[in-house]
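Survey of secondary and tertiary structure
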Amino acid sequence: MRTVNNMIDNLNKEINIIVDNNKNIDPKILIEKYVDTIASNLYLNNYFVKLYNDKSLISHLHYDIDGKNSKIDDIVKIALRGKGAYEVNKNLLYISLPIKFGNEIIGAVEYIHPLTNELDSINFIKLIFEIFGLISIFIILLVSIYMSYIITKPIKQLDSAARKFLNGNYEILPVKTKDEIGNFTMTFNQMTIFLILLIKRIKIST
């Protein structure tokens, strides 16, 4: 928007200079006389330009990229009332600004900028986020599987040891963690050792 405002400011300055040098020239007639030259000068940075007087399109160098031909858009009507306006339609950015001579509005200029590069950038960013999201989900899945394995493995070992315990096979389990499962394993080992010692005492006494 700043680029467009600078361009229209330059246009207004050029019109005022030409009119100052040609006191008897009506600025509206001046625009219509030099409209194609003005449009060519304003065409910059992939902005397509259309110039209007207060009734219709007057530039013969406009680019029919939007299929609207000489139709005066709503944003052009706003510009003819003295205010800038913009809209986005069908991947095109429309910016319309008034052309002023002093306090008088003598026309409007409409810039049409294809948003192809911007949309490509947005789609690329979306693709990056989607890839990042899939990678994140994959990492979370791997971590979940790993954590599940860490938690369930000692529980299965305890279950297996408890079943053996019922059959008289007393097994001391290794304590690999310091969490609740590790504490439970230590308690289980203490109980196993106590029973082993108790059985030995009973055998000795008998």
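That block above? That's the structure.
A brief look at the structure comes next. (Residues numbered from 1 in each chain as written. Predicted model: local features only at pLDDT ≥ 70, side-chain atom pairs only at ≥ 80, totals over all residues. Heavy atoms only, no water.)

**Overview of the overall build of the chain**
- Check the secondary structure of the chain and you find 6 helices and 4 strands.
- Going from N to C terminus, the chain has its helices and strands arranged as α-α-α-β-α-β-β-β-α-α.
- Across the 206 residues in the chain, those meeting the buried criterion constitute 30%.
- Long-range contacts, defined here as pairs at least 24 residues apart, represent 46% of the contacts in the chain between residues at least 6 apart. (Helix = DSSP H or I, 4+ residues; strand = E, 2+ residues; numbered from the N terminus. Buried < 20%, exposed > 50% of the residue type's maximum accessible area, 1.4 Å probe, protein only. Contact = heavy atoms within 4.5 Å.)

**Points about the sheet that holds strand 1 (residues 48-52)**
- The strand order across the open sheet built from 4 strands is 1-4-3-2, with neighbouring strands paired in antiparallel fashion. Each edge of the open sheet is held by one strand with a lone partner, namely strand 1 and strand 2 (85-89). When strand polarity is set aside, the average angle formed by the axes of neighbouring strands in this sheet is 20°.
- Examined bridge by bridge, strand 1 and strand 4 (residues 104-114) share 5 bridges and lie antiparallel to one another. By the bridge assignment for strand 4, Val49 is matched with Tyr111. (Pairing = 2+ DSSP bridges. Axes fitted to C-alpha atoms, helices over the stretch in contact; angles between N-to-C directions.)

**Here we look at the nonpolar core**
- In this structure, Leu51, Ile99 and Val109 are the most contacted members of the largest nonpolar core, which totals 15 residues.
- Counting residues per element, this core draws most heavily on strand 3 (residues 92-101), at 4 residues.
- The next biggest cluster of nonpolar side chains, apart from the first, holds 12 residues, and it includes Phe48, Tyr52, Ile72 and Leu92. (Core = buried A, V, L, I, M, F, W, Y, C linked by side-chain atoms within 4.5 Å.)

**What about the environment of Val109?**
- Assignment of secondary structure puts Val109 in strand 4.
- The sequence separation of Val109 and Val76 amounts to 33 residues, and the corresponding C-alpha distance is 7.6 Å.

**Thoughts on the packing of helix 5 (residues 116-166) against helix 6 (residues 180-205)**
- At a closest axis distance of 11 Å, the pairing of helix 5 and helix 6 adopts a crossing angle of 15°. By the angle between their axes, helix 5 is roughly parallel relative to helix 6. In this structure, helix 5 crosses over helix 6, and the sense of that crossing is left-handed. Contact residues: helix 5 offers Ile151, Pro154, Ile155, Leu158, Ala161, Ala162 and Phe165, while helix 6 offers Ile181, Phe184, Thr185, Phe188, Met191, Thr192 and Leu195. (Parallel < 35°, antiparallel > 145°, perpendicular 65-115°, else oblique. Left-handed = near helix turned anticlockwise from the far one by under 90°.)

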